[in-house]
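Below, each chain spelled out in residue letters.
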Amino acid sequence: MDSKKYLDDISQIKDMMSRSSRFISLTGLSGILAGIYAITGATVAYMFLLPNDYEVLTVDSLKFKSIIGILILVAVLSFVTAYLLTTRKAKRNNEKIWDETTKRLLINFFVPMVTGGIYILIKLHSRHYGLTASLMLIFYGLALVNASKYTIGTVQYLGYSQIVLGLICAAFPGYGFWFWVLGFGVLHIVYGTIMHFKEDRK
């Protein structure tokens, strides 16, 4: 009996240490909504902004600027939604939303993201458009993997999936739009659903 109690105590201590070193207030619903935002934005771009076979999309064109605007809107909505839902979950579980773990997570996430964003902008201004979707997927995946050691494990596998998808996309640059939809839309919904049933219901 004492041996079983001792093992239970050890298990609880390990769980407390893991919780203190990981940001566990992320919600699957925020991933699902991020995927919905991405698919909605892609639908608008596909219907009204993507160039036809006789058009050339340039950095200075209105269509290009509108597409960038949609990307920014999708990103802002996703981050705001994640923040609001994460804050709500943290308060419900009596957990801190901002501590050293959160700081490390954000730094590890944004370093690859900002680096990738700057690199993509440089390539776009050099009129190298073909690998834009691939680079977005790869750098986003690297950011997720880099930050995953400070949060729940599902994020790591989402990151790996984005990297693999981005590499495949690089081999088929003519289908970059659809790979982007698959990565930022469908994968977010799939992994958000998995996270919801695996983590949110604990």
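Residues numbered from 1 in each chain as written. Predicted model: local features only at pLDDT ≥ 70, side-chain atom pairs only at ≥ 80, totals over all residues. Heavy atoms only, no water.

1. A short note on the environment of glycine 28
Within the secondary structure, glycine 28 is located in helix α2 (residues 28-48). Sequence separation between glycine 28 and glycine 192 is 164 residues, and the spatial gap between their C-alpha atoms is 4.1 Å. (Helix = DSSP H or I, 4+ residues; strand = E, 2+ residues; numbered from the N terminus.)

2. A few points about the UniProt feature "transmembrane region" (unreviewed entry) in the protein
As recorded in UniProt, the sites labelled "transmembrane region" (unreviewed entry) are residues 23-47, 67-85, 105-122 and 179-197. Each end of residues 67-85 is marked by a C-alpha atom, and these two atoms are 27 Å apart; helix forms 100% of the span and strand 0%. In residues 179-197, helix accounts for 100% and strand for 0%; the two terminal C-alpha atoms are 26 Å from one another. (UniProt positions renumbered as here; feature names shortened; annotations may be inferred.)

3. Structural notes on a nonpolar patch on the surface
On the surface, Val44, Tyr46, Met47, Phe48, Leu50, Val164, Ile168, Phe172, Tyr175 and Trp178 cluster together into a nonpolar patch covering about 1,100 Å² of accessible area. Elements supplying a minimum of two residues to the nonpolar patch: α2 and α6 (154-171). No other element matches the four residues that α2 contributes to the nonpolar patch. Position of leucine 50 among the secondary structure elements: in the loop between α2 and α3 (62-92). For leucine 50, a relative accessible area of 31% puts it in the partly exposed group. (Patch = residues over 30% accessible without salt bridge, like charges linked within 9 Å, V, L, I, M, F, W, Y side chains within 5 Å. Areas by Shrake-Rupley, 256 points an atom, 1.4 Å probe, with all protein chains shown as cover. Salt bridge = Lys/Arg side-chain N within 4 Å of Asp/Glu carboxyl O. Buried < 20%, exposed > 50% of the residue type's maximum accessible area, 1.4 Å probe, protein only.)

4. Topic: the nonpolar core
Judged by nonpolar contacts, the single largest core of 28 residues is most densely connected at Phe109, Leu137, Leu144, Trp180 and Phe184. Ranked by the residues each element gives to this core, the list is headed by helix α7 (residues 176-200), at seven residues. If near-sequence neighbours (up to four positions away) are discounted, leucine 137 is found in contact with Gln162, Ile163, Leu165, Gly166, Cys169, Phe179, Trp180, Gly183 and Phe184. Within the second largest apolar cluster, six residues are counted, among which are Val59, Ile120, Leu124 and Leu135. (Core = buried A, V, L, I, M, F, W, Y, C linked by side-chain atoms within 4.5 Å. Contact = heavy atoms within 4.5 Å.)

5. Quick look at the packing of helix α5 (residues 132-148) against α6
Between α5 and α6, the least distance of the axes is 7 Å, while the angle of their chain directions is 160°. When the interaxial angle is binned, α5 and α6 end up roughly antiparallel. Considering only the axes of α5 and α6, their crossing is left-handed. The residues of α6 that touch α5, namely those facing Ala133, Ser134, Leu137, Ile138, Tyr140, Gly141, Leu142, Leu144, Val145 and Ser148, are Val155, Gln156, Leu158, Gly159, Tyr160, Gln162, Ile163, Leu165, Gly166, Leu167, Cys169 and Ala170. In terms of residue class, the contact of α5 with α6 is made up of 15 nonpolar, seven polar and no charged. (Axes fitted to C-alpha atoms, helices over the stretch in contact; angles between N-to-C directions. Parallel < 35°, antiparallel > 145°, perpendicular 65-115°, else oblique. Left-handed = near helix turned anticlockwise from the far one by under 90°. Nonpolar A, V, L, I, M, F, W, Y, C, P; charged D, E, K, R; others polar.)

6. Let's talk about helix α4 (residues 100-125)
The periodicity of an α-helix, 3.6 residues per turn, causes residues three or four places apart in sequence to face the same way. Relative to the 38 Å expected for 26 residues at 1.5 Å per residue, α4 spans 37 Å between its end C-alpha atoms, a close match to the ideal helical length. Structurally, the start of α4 carries an N-cap: the backbone nitrogen of threonine 101 is 3.1 Å from a side-chain oxygen of aspartate 99. Positive backbone phi, approximately 65°, marks arginine 127, located one or two places after α4. (Expected span 1.5 Å × (residues − 1). Polar contact = N/O pair within 3.5 Å; in protein donor to acceptor, adjacent residues only side chain to side chain.)

7. Here's the deal with the packing of aromatic side chains
Counting across every chain of the model gives twelve aromatic pairs. Between phenylalanine 79 and phenylalanine 109, the ring centres sit 6.2 Å apart and the planes meet at 75°, which makes this aromatic pair edge-to-face. Taken together, the positions of phenylalanine 79 in helix α3 and phenylalanine 109 in helix α4 put the pair 30 residues apart, joining distant regions of the chain. Residue class for phenylalanine 109 comes out buried when judged on its relative accessible area of 10%. An aromatic cluster is defined as three or more aromatic residues linked by ring pairs; in this entry it consists of Phe79, Phe109, Phe110, Tyr140, Trp180 and Phe184. (Phe/Tyr/Trp six-rings, centres within 6.5 Å; stacked < 30°, edge-to-face > 60°.)

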